[in-house]
Amino acid sequence: FFVEAFLFFLAGFLAFRSDTELHRFFRAFVWVGIGVAAAHLFALQTGYRFRGYVETGNELAEYGGLFTNSNSMADFYAMAIPVALLLALRGGRGASQRIVAAVAVPVMLASLFLSGSRGGMIATTIVVAIAFLWSRVGIARTLLIVTVSSLLVAASYAVLATLLSEYFDLILRGLEEQGLETPRTKIWPCYLGI
C-alpha cells in the first residue's frame, strides 16, 4: 500500500492538463485529509465507531476511523501530509490557503501517530523527503521547512498530550515495545522482485 504514496506524486505528470488543475486537486485533497483526521480524532475522543467497524481486540491502537484499518489510514496520510506541507510552504495562491494547509498538518500528524502504524510513519517521512527533493527548495527554504515542521510536530504533540493522553501513552508504550522490528525488510524486496 505504501507504494501508492510514491505513485501519487507521479499522477500529477499524467492526469492533469495544467498546473492550476493539479493545484486545485491538491487543495481539495488537503481538505479531505482534514476531514479524515478530524473524524478519526472525534471517534477516539468520543468512542463513536463508523459503519463497518470490526472489533479486533486492540481497538485503541488499531482503529482507522473512516478506513477499515489504521494502516490504510496511515497510507492515506503518507500522501496527504507531504501535499499539505508543500502547499503550506509554497502555496502561492493566497495566505488563507497556506494557513489551511499548515493547520491540516498537525491534525493529520496527530491522527497518524494515534494510528500506531510504524510503517505509515516511516512511509510519510520518506515521501515528505522525496517531495522536498523534487520541489528543488533552496537553503533558506530548507531552513524554513525545518523550522515550520518542528513547530507543526510540537503542535501535534501538544494536541495529543492534552486532549488524547490515554491513547498517546498507549501508542508510546507500543512503539517502545515493538521498536523498529518489522517484517517489511523481508516483504518489500519480494514485492520489488514481483
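In what follows, the structure referred to is the one given above.
About the cut-offs
- Residues numbered from 1 in each chain as written.
- Predicted model: local features only at pLDDT ≥ 70, side-chain atom pairs only at ≥ 80, totals over all residues.
- Heavy atoms only, no water.
- Helix = DSSP H or I, 4+ residues; strand = E, 2+ residues; numbered from the N terminus.
- Buried < 20%, exposed > 50% of the residue type's maximum accessible area, 1.4 Å probe, protein only.
- Contact = heavy atoms within 4.5 Å.
- Areas by Shrake-Rupley, 256 points an atom, 1.4 Å probe, with all protein chains shown as cover.
- Patch = residues over 30% accessible without salt bridge, like charges linked within 9 Å, V, L, I, M, F, W, Y side chains within 5 Å.
- Salt bridge = Lys/Arg side-chain N within 4 Å of Asp/Glu carboxyl O.
- Phe/Tyr/Trp six-rings, centres within 6.5 Å; stacked < 30°, edge-to-face > 60°.
- Core = buried A, V, L, I, M, F, W, Y, C linked by side-chain atoms within 4.5 Å.
- Axes fitted to C-alpha atoms, helices over the stretch in contact; angles between N-to-C directions.
- Parallel < 35°, antiparallel > 145°, perpendicular 65-115°, else oblique.
- Left-handed = near helix turned anticlockwise from the far one by under 90°.
- Expected span 1.5 Å × (residues − 1).
- Bend = angle between axes of the 7 residues up to and from the residue.

**Points about the overall build of the protein chain**
The number of helices and strands found in the protein chain is nine helices and zero strands. Helices (α) and strands (β) of the protein chain occur, in sequence order from the N terminus, as α-α-α-α-α-α-α-α-α. A total of 194 residues make up the protein chain; the buried ones form 38% of that total. Of all intrachain contacts in the protein chain linking residues separated by at least 6 positions in sequence, the fraction that spans at least 24 positions is 76%. For the protein chain, the exposed area adds up to about 11300 Å²; of that, 65% sits on carbon and sulfur atoms.

**Quick look at a nonpolar patch on the surface**
On the surface, Ile 187, Trp 188, Tyr 191 and Ile 194 cluster together into a nonpolar patch covering about 490 Å² of accessible area. Tracing the backbone shows Tyr 191 in helix 9 (residues 184-193). The exposed category is assigned to Tyr 191, whose relative accessible area is 57%.

**A look at the environment of Leu 89**
Note that Leu 89 resides in helix 4 (residues 70-90). Between the C-alpha atom of Leu 89 and that of Ala 102, which follows or precedes it by 13 residues, the distance is 8.2 Å.

**Some details on the packing of aromatic side chains**
For any pair of aromatic rings, geometry is given as the distance between the ring centres together with the angle between the planes. Tallied over the entire structure, the rule returns five aromatic pairs. Ring plane angle 45° and centroid distance 5.9 Å describe the contact between Phe 25 and Phe 26, whose orientation is recorded as tilted. Phe 25 gets classed as partly exposed once you look at its relative accessible area, which sits at 33%. Relative accessible area serves as the criterion here: at 15%, Phe 26 is assigned to the buried category.

**Section: the side chain of Ser 111**
Tracing the sequence through the fold places Ser 111 in helix 5 (residues 95-115). Ignoring anything within four residues of it in the chain, the contact list for Ser 111 reads Ala 37, His 40, Leu 41, Met 73 and Tyr 77.

**Thoughts on the nonpolar core**
Among the nonpolar cores identified, the biggest contains 41 residues, and Tyr 77, Ile 81, Leu 85, Met 108, Leu 114 and Phe 132 are the most heavily contacted of them. When residues of this core are traced back to their parent elements, those giving at least two are helix 2 (19-46), helix 4, helix 5, helix 6 (118-134), helix 7 (139-163) and helix 8 (165-178). Per-element accounting of this core gives the leading share, 14 residues, to helix 4. Contact partners of Leu 85, with chain neighbours within four places excluded, come to Val 105, Val 128, Phe 132, Ser 149 and Leu 152.

**Observations regarding the packing of helix 2 against helix 4**
Their axes nearest at 9 Å, the elements helix 2 and helix 4 cross at an angle of 130°. One finds that helix 2 runs oblique with respect to helix 4. Helix 4 is crossed by helix 2, and the crossing has left-handed handedness. Together, His 23, Phe 26, Arg 27, Phe 29, Val 30, Val 32, Gly 33, Val 36, Ala 37 and His 40 of helix 2 and Met 73, Phe 76, Tyr 77, Met 79, Ala 80, Val 83, Ala 84 and Leu 87 of helix 4 make up the contact between the two elements.

**With respect to helix 4**
Look at helix 4: 30 Å from first C-alpha to last across 21 residues, which is about the 30 Å you get at 1.5 Å a residue. The sharpest bend along helix 4 comes to roughly 25°, located at Tyr 77. The element helix 4 is largely enclosed, with a buried count of 19 among its 21 residues.

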